[in-house]
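# Residue-level structural notes
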Amino acid sequence: MNAEMSTLPGAPDIASSAHASAMRRILAAILVTMFVSGLMSGVAEQRQMEEPVWWSLLSAFLLNFLTFCWFRLDRDARGLRRSMWANIAILLFGPVTILVYVLVSRPRGQKLRGLARLVGFFVLLVFAASLGMIAAAGIA
């Protein structure tokens, strides 16, 4: 796979503002989902209840869907084709597959930066969930 291929026809370029805006919206939606997940978990814990099954299913679906949307958008903007196996791996083994994808898809000289940004985003995910749990302590 060559990460320096031209973009696919009709796909936004990585440097375009439309691509950056769409990526920011997807990443923000993932962070909001993690915040609400922490909130729901914290409220359930404060009330000494189990977290609602409907929320567990909905949040898992949302996180998988949003992660897949990010993957699709990034892959298309880089001009890389998505195989059926990559699509399945993103849905089943999200964090590991994304780590491998970032390392494979970034051009030489940008792999470490991509890895650092990925680790930074994972830290933000933990922070968002923690903020949700802290907010739950104030609610319940």
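### Examining the overall build of the protein
Of regular secondary structure, the protein possesses five helices and zero strands. Counted from the first residue to the last, the protein has its helices and strands arranged as α-α-α-α-α. For the protein, the proportion of its 140 residues judged to be buried stands at 36%. Here the analysis covers contacts within the protein between residues at least 6 apart in sequence; of these, 71% occur between residues at least 24 apart. Accessible surface, the protein as shown: approximately 8,800 Å² in total, 68% of it carbon and sulfur.

### Remarks on helix 5 (residues 111-139)
A rise of 1.5 Å per residue sets the reference length of helix 5, with its 29 residues, at 42 Å; its end C-alpha atoms lie 42 Å apart and thus fit the reference within 8%. Along helix 5, the residues classified as buried are G114, L118, F121, L125, A128, A129, G132 and A136. On the buried face of helix 5, the contacting elements are helix 1 (17-46) and helix 4 (94-105).

### Some thoughts on the packing of aromatic side chains
Taken as a whole and assessed by the stated rule, the structure comprises five aromatic pairs. Between F68 and F71, the aromatic rings sit 6.3 Å apart at their centres with planes inclined by 50°, giving tilted as the arrangement. With F68 and F71 both in helix 2 (residues 53-77) and three residues apart, the pair spans about one turn of that helix. Both residues of the pair, F68 and F71, count as buried. With 6.0 Å between their ring centres and 90° between their planes, W70 and Y101 make a pair best called edge-to-face. Pair noted here: W70 is in helix 2 and Y101 is in helix 4, with a separation of 31 residues, a long-range link.

### Quick word on the pattern of salt bridges
When charged atoms on two side chains of opposite charge get close, those side chains can pair. In this structure the tally under the stated criterion is three salt bridges. Notably, a salt bridge pairs D74 with R106, separated by 3.1 Å at the nearest N-O pair. Of this pair, D74 sits in helix 2 while R106 sits in the loop between helix 4 and helix 5; the two residues are 32 residues apart in sequence, bridging distant segments of the chain. Each member of the pair, D74 together with R106, is buried.

### A word on the environment of S59
By secondary structure assignment, the location of S59 is in helix 2. Residues S59 and T33, spaced 26 residues apart in sequence, show a C-alpha to C-alpha distance of 6.7 Å.

### With respect to unusual backbone geometry
Of note in this structure, Q48 is not a glycine but carries a positive phi near 55°. Here Q48 falls in the exposed class, since its relative accessible area comes to 75%.

### Quick look at the layout of surface pockets
Size it by volume and the largest pocket reaches roughly 920 Å³. Around the largest pocket, the lining comprises 33 residues; the ones closest to its centre are M23, L27, W70, R106 and R117. Mapped onto the lining of the largest pocket, the elements with two or more residues apiece are helix 1, helix 2, helix 3 (84-92), helix 4 and helix 5. The leading source of residues in the lining of the largest pocket is helix 5, at nine residues. Split by residue class, the lining of the largest pocket holds 20 nonpolar, seven polar and six charged.

### Notes on the confidence of the model for the protein
Across the protein, the average pLDDT comes to 88, with 89% of residues at or above 70. The secondary structure element of the protein with the lowest average pLDDT is helix 3, at 91, and the one with the highest is helix 5, at 94. Note on residues 1-8: pLDDT under 50 across the span, and 23 contacts to partners over four residues away in sequence or across chains.

Cut-offs and rules
Residues numbered from 1 in each chain as written. Predicted model: local features only at pLDDT ≥ 70, side-chain atom pairs only at ≥ 80, totals over all residues. Heavy atoms only, no water. Helix = DSSP H or I, 4+ residues; strand = E, 2+ residues; numbered from the N terminus. Buried < 20%, exposed > 50% of the residue type's maximum accessible area, 1.4 Å probe, protein only. Contact = heavy atoms within 4.5 Å. Areas by Shrake-Rupley, 256 points an atom, 1.4 Å probe, with all protein chains shown as cover. Expected span 1.5 Å × (residues − 1). Phe/Tyr/Trp six-rings, centres within 6.5 Å; stacked < 30°, edge-to-face > 60°. Salt bridge = Lys/Arg side-chain N within 4 Å of Asp/Glu carboxyl O. 1 Å grid on protein atoms, 1.4 Å probe; cavity = no way out; pocket = protein on both sides within 12 Å on 5 of 7 lines; lining within 4 Å. Points joined across faces, edges and corners; volume = space filled by probe spheres on them. Nonpolar A, V, L, I, M, F, W, Y, C, P; charged D, E, K, R; others polar. pLDDT = per-residue confidence, 0-100.

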